[in-house]
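# Understanding the architecture of this molecule
So you can see what is in the structure, the chains are spelled out below.
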Amino acid sequence: MLLFWTRDRINCKHNLGYWNDWAKRYSGTDVAVLSVHTPETRFERAPAATARFARSHGLRFPILVDNDAHVWNAYGIQSWP
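The shown structure was predicted, so the numbers you read here are calculated from the model rather than taken from an experiment.

## Quick notes on the pairing of strand E1 (residues 2-5)
One ladder, built from four bridges, connects E1 with strand E2 (residues 34-37); its direction is parallel. The residue of E2 that forms the bridge with Phe4 is Val36. Handedness of the E1-helix H1 (residues 10-25)-E2 crossover: right-handed.

Here it is in structure tokens:
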């Protein structure tokens, strides 16, 4: 499962709990939750702030920081949840 998100969008924040539950549920199986944090604003670009956010929310899945939107563009993503 692949999740594109950014930490300051309310819809993204509301969905993180579901993704976290899925990461826990499928742990140890062939299914994994992978996430791509593609910032919407300059403020969201600090990797250390994203790491703090992940720790404070107990996120259980890997987060790729995509500050230059390379992965975002490769998948043709046009908006966050």
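## Observations concerning the pairing of E2
When E2 meets strand E3 (residues 63-65), the two strands line up parallel, connected through three bridges. Looking across to E3, one finds that Val36 is bridged to Leu64. Each parallel crossover has a hand, and the one from E2 via helix H2 (residues 47-56) to E3 is right-handed.

## Some remarks on the packing of aromatic side chains
On inspection of all chains with the given rule, the structure shows five aromatic pairs. Residues Trp5 and Phe53 carry aromatic rings whose centres are separated by 5.8 Å and whose planes lie at 35 degrees to one another, so their mutual orientation is tilted. With a gap of 48 residues between them, Trp5 in strand E1 and Phe53 in helix H2 connect regions that are remote in the sequence. Relative accessible area serves as the criterion here: at 10%, Phe53 is assigned to the buried category. Ring-pair connections join several aromatic residues into one group, and the members of that group are Phe4, Trp72, Tyr75 and Trp80.

## Considering a nonpolar patch on the surface
Taken together, the side chains of Leu2, Leu34 and Tyr75 present a nonpolar region at the surface, about 300 Å² in accessible area. Within the secondary structure, Tyr75 is located in the segment after helix H3 (70-74). For Tyr75, a relative accessible area of 55% gives the class exposed.

## Focus on H1
Taking 1.5 Å of rise per residue, 16 residues should cover 22 Å, and H1 covers 24 Å from first to last C-alpha, within 8% of that figure. Within H1 the residues assigned to the buried category are Cys12, Leu16, Trp19, Asn20 and Ala23. Elements that come into contact with the buried residues of H1 comprise E1 and H2.

Criteria and thresholds
- Residues numbered from 1 in each chain as written.
- Predicted model: local features only at pLDDT ≥ 70, side-chain atom pairs only at ≥ 80, totals over all residues.
- Heavy atoms only, no water.
- Pairing = 2+ DSSP bridges.
- Helix = DSSP H or I, 4+ residues; strand = E, 2+ residues; numbered from the N terminus.
- Right-handed = clockwise from strand over helix to strand, strands pointing away.
- Phe/Tyr/Trp six-rings, centres within 6.5 Å; stacked < 30°, edge-to-face > 60°.
- Buried < 20%, exposed > 50% of the residue type's maximum accessible area, 1.4 Å probe, protein only.
- Patch = residues over 30% accessible without salt bridge, like charges linked within 9 Å, V, L, I, M, F, W, Y side chains within 5 Å.
- Areas by Shrake-Rupley, 256 points an atom, 1.4 Å probe, with all protein chains shown as cover.
- Salt bridge = Lys/Arg side-chain N within 4 Å of Asp/Glu carboxyl O.
- Expected span 1.5 Å × (residues − 1).
- Contact = heavy atoms within 4.5 Å.

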